[in-house]
Every structure is written in structure tokens, then in C-alpha cells.
Amino acid sequence: MKMVIAIVQDQDSQNLMSQLTKNNFRTTKLATTGGFLRAGNTTFLMGVEDDRVQDLLSLINSTCRNRDQLVTPVTPMSGNVDNYIPYPVEVEVGGATVFVMPIEQFHQF
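Residue numbering note: each chain is counted from 1, following its sequence as written. Owing to the predicted nature of the model, reporting of local features is limited to residues with pLDDT of at least 70; listing and counting of side-chain atom pairs is limited to 80 or more, with chain, interface and lining totals taken over all residues. As a rule here, side-chain values cover all heavy atoms of the structure and leave hydrogens and water aside.

(A) Structural context of the nonpolar core. Buried residues of nine kinds, namely Ala, Val, Leu, Ile, Met, Phe, Trp, Tyr and Cys, make up a nonpolar core once their side-chain atoms join them within 4.5 Å. Relative accessible area decides the class of each residue, using a 1.4 Å probe on protein chains only: under 20% of the type maximum gives buried, over 50% gives exposed, and in between gives partly exposed. By size, the foremost hydrophobic cluster in this structure holds 14 residues, and its most contacted members are Leu16, Leu20, Phe44, Met46, Val48, Leu56 and Ile60. Of all the secondary-structure elements, those providing two or more residues to this core are β1 (2–9), α1 (10–22), β3 (40–48) and α2 (53–63). Only DSSP runs of H or I covering at least 4 residues are called helices, and only runs of E covering at least 2 are called strands; the numbering of each starts at the N terminus. It is α2 that provides the largest number of residues to this core, a total of 4 residues.

Written as C-alpha cells, this is what we have:
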């Protein structure tokens, strides 16, 4: 058995949740916040049998997409802010960050 932790952008979370339910993957959904863009995202926690891990990864890959987004950099906390002009910068966001970890024991009460 494996513990799969998938961190996805909020725009993809509803579609992913629907696909997980449709494909009989049990999950716990947490609202989280990313550190880089300080934007909301969703973290899914799933206990998965070893033989279904690849199916789950394929499902996440096909559901969570990268997209370009304009962001305005945060004002620097130190240094000279007189010359700082926050121009929007286009960055790639989205997709999914997935961790797959072995589970030593699993109990369901």
C-alpha cells in the first residue's frame, strides 16, 4: 500500500475530485496555500493499493493542467524600494506535485 499526496491548483480540484470518485479512489481533501504565489491550492491524501498507483498517477496527470498566469511580484521587505516597480510577470502554474510513500501499516476503524 502507498500513501499518495497530490497538491493541485484550486482550478483543477473539483474536476480531480469528480474523477477520483468516479474511479473509486477514496480521498481526503484539504484546503492549503502555496508558498511561492501565496495562492490557494488543494491537497489530496489517498491510501492506494500498490497495483492501482499507476492508474491514480495517470488520472492526476490527465486532470491537472499547467497554465500561464500573470502575477505581480511582492514588494521587497529590505533594500531600496524607491526604484522598485512591480511589473506583472508571466509564470507557469498548475499541474500537480505528487508524493508517493510506502505505508508500513494501515488501519481502518
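Next comes the rest of the write-up.
(B) Geometry of the pattern of salt bridges. The term salt bridge refers to a pairing of a side-chain nitrogen on Lys or Arg with a carboxyl oxygen on Asp or Glu at a separation within 4 Å. For the structure shown, the criterion picks out 1 salt bridge. One salt bridge in this structure joins Lys2 and Asp50, with 3.5 Å as the shortest N-O distance. Linking Lys2 in strand β1 with Asp50 in the loop between β3 and α2, this pair joins segments that are 48 residues apart in sequence. We classify Asp50 as partly exposed; its relative accessible area is 44%.

(C) How the structure looks around unusual backbone geometry. Phi is positive for Asn24, close to 60°, though the residue is something other than glycine. When you line up the elements, Asn24 lands in the loop between α1 and β2 (28–33). Judged by relative accessible area, which is 60%, Asn24 ranks as exposed.

(D) A look at the sheet that holds β3. Strands were regarded as paired on the criterion that DSSP finds at least two bridges between them. Overall, antiparallel pairing links the 4 strands, which are arranged β2-β3-β1-β6 in an open sheet. At either margin of the open sheet sits one strand with a lone partner, and together these are β2 and β6 (96–102). Averaged over all pairs of adjacent strands, the angle between their axes in this sheet comes to 20°, without regard to strand direction. Contacts are residue-level and defined by heavy atoms, with any inter-residue pair within 4.5 Å sufficient. Between N-to-C directions, angles cover 0 to 180 degrees, with each direction set by a line fitted to C-alpha atoms, over the stretch in contact for helices. Most of the contacts of α1 go to β3, to which it runs at about 25°, and overall it touches β1, β2 and β3.

(E) Spotlight on the packing of α1 against α2. Where α1 contacts α2, the two axes come as close as 10 Å, and the packing angle between them is 145°. Read as a crossing pair, α1 and α2 show a hand that is right-handed. Taking contact as the criterion, the partners of Asp12, Asn15, Leu16, Gln19 and Leu20 in α1 are, on α2, Leu56, Leu59, Ile60 and Thr63. Its residues assigned to classes, the contact of α1 with α2 shows 5 nonpolar, 3 polar and 1 charged. A crossing counts as left-handed when the near helix is turned anticlockwise from the far one by less than a right angle, and as right-handed when that turn is clockwise. Here the nonpolar group is Ala, Val, Leu, Ile, Met, Phe, Trp, Tyr, Cys and Pro; Asp, Glu, Lys and Arg are the charged ones; every other residue, Gly included, is treated as polar.

(F) Highlighting α1. The length a helix should cover is 1.5 Å for every residue beyond the first. Relative to the 18 Å expected for 13 residues at 1.5 Å per residue, α1 spans 19 Å between its end C-alpha atoms, a close match to the ideal helical length. Among all positions of α1, only Asp12, Ser13, Leu16 and Leu20 are buried. Phi for Asn24, located one or two positions after α1, is positive at around 60°.

Purely geometric stuff here, so don't read any function into it on its own.
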